[in-house]
Amino acid sequence: MVKPADTKTAASRKAPKGTRSAAETEKIRAALSSRRDELTVEHSQTLTEITVLQRDRFTDSAGDDQADTGTKTFEREQEISLANSILDRISQVERALERLDEGGYGWCERCGNPIPVERLAAFPSATLCVTCKQLEERR
Ligand SMILES: [Zn+2]
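Nothing here was measured: the structure is a model prediction, and the numbers come from that model. (Residues numbered from 1 in each chain as written. Predicted model: local features only at pLDDT ≥ 70, side-chain atom pairs only at ≥ 80, totals over all residues. Heavy atoms only, no water.)

*Asks:* Account for the environment of A121, naming residues and giving values.
*Replies:* Structurally, the position occupied by A121 is in helix α4 (residues 117-122). A relative accessible area of 28% means that A121 is categorised as partly exposed. For the pair A121 and A31, spaced 90 residues apart in the sequence, the C-alpha separation amounts to 5.3 Å. When residues no more than four places from it in sequence are discounted, the contact partners of A121 are A31 and R35. (Helix = DSSP H or I, 4+ residues; strand = E, 2+ residues; numbered from the N terminus. Buried < 20%, exposed > 50% of the residue type's maximum accessible area, 1.4 Å probe, protein only. Contact = heavy atoms within 4.5 Å.)

Next comes the structure, spelled out in structure tokens:
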């Protein structure tokens, strides 16, 4: 167990270029938190929809042939994978919030510059600034 007081380890980590003000960090935190809330609502709505749709399918399955059953299974899988992808995004945002607390979030992995708050709010999992992202895409 490494104690948080072990500053040696923290200092040997690659320090990001530049600094971010506390106000800016709070802005990112607020953006990430509201993003997480949005996604949580979206996720529970999706789960409700799945339940309702599934119930409809059961009550409406009297005259189903195999093809109908296949379609319904496929639809259900699609809905579940949608719900799972929302869960993934929630955990991405939660990881981002944790890293933000540690000070390791919001810095471009390539150039070390701070990634703008707006970009982080739109793409919580962004690890590159816009300039570096464009360079990556051009390659
Ligand atoms: Zn960059």
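Still to come is the rest of the account.
*Asks:* Residue-level account of the coordination of the zinc ion, with values.
*Replies:* Protein coordination at the zinc ion comes from C108 (SG), C111 (SG), C129 (SG) and C132 (SG), with a distance range of 2.3 Å. Around the zinc ion, the four donor atoms sit at angles spanning 105 to 115°, and that spread fits a shape best called tetrahedral. C108 sits in the buried class, given a relative accessible area of 4%. The class of C132 is buried, set by a relative accessible area of 7%. (Donors = N, O, S within 2.8 Å, 3.2 Å for Na, K, Ca; no water. Tetrahedral: all angles 85-135°; square planar, octahedral: opposite > 155°, others 65-115°.)

*Asks:* So what's going on with the pattern of salt bridges? Residues and values would help.
*Replies:* Summed over all chains, the structure comprises nine salt bridges. With a closest N to O distance of 2.8 Å, E79 and R57 form a salt bridge. Of the two residues, E79 sits in helix α3 (residues 66-102) while R57 sits in helix α2 (residues 22-59), which places them 22 residues apart along the sequence. The burial state of E79 is the same as that of R57; both residues are buried. As a salt-bridge pair, E136 and R110 come within 3.7 Å of each other at their nearest N and O atoms. Within this pair, whereas E136 is found in helix α5 (residues 130-138), its partner R110 is found in the loop between α3 and α4, the two being separated by 26 residues in sequence. Assessed through its relative accessible area of 33%, E136 is described here as partly exposed. (Salt bridge = Lys/Arg side-chain N within 4 Å of Asp/Glu carboxyl O.)

*Asks:* Tell me about the nonpolar core, and name the residues and values.
*Replies:* Formed by 17 residues in total, the largest nonpolar core has its most connected members in I28, L32, Y105 and C108. For this core, the secondary structure elements donating two or more residues are α2, α3 and α4. Sorting elements by how many residues they give to this core places α3 first, with six residues. Setting aside residues no more than four positions away along its own chain, L32 makes contact with V93, A96, L97, L100, Y105, L120 and P124. (Core = buried A, V, L, I, M, F, W, Y, C linked by side-chain atoms within 4.5 Å.)

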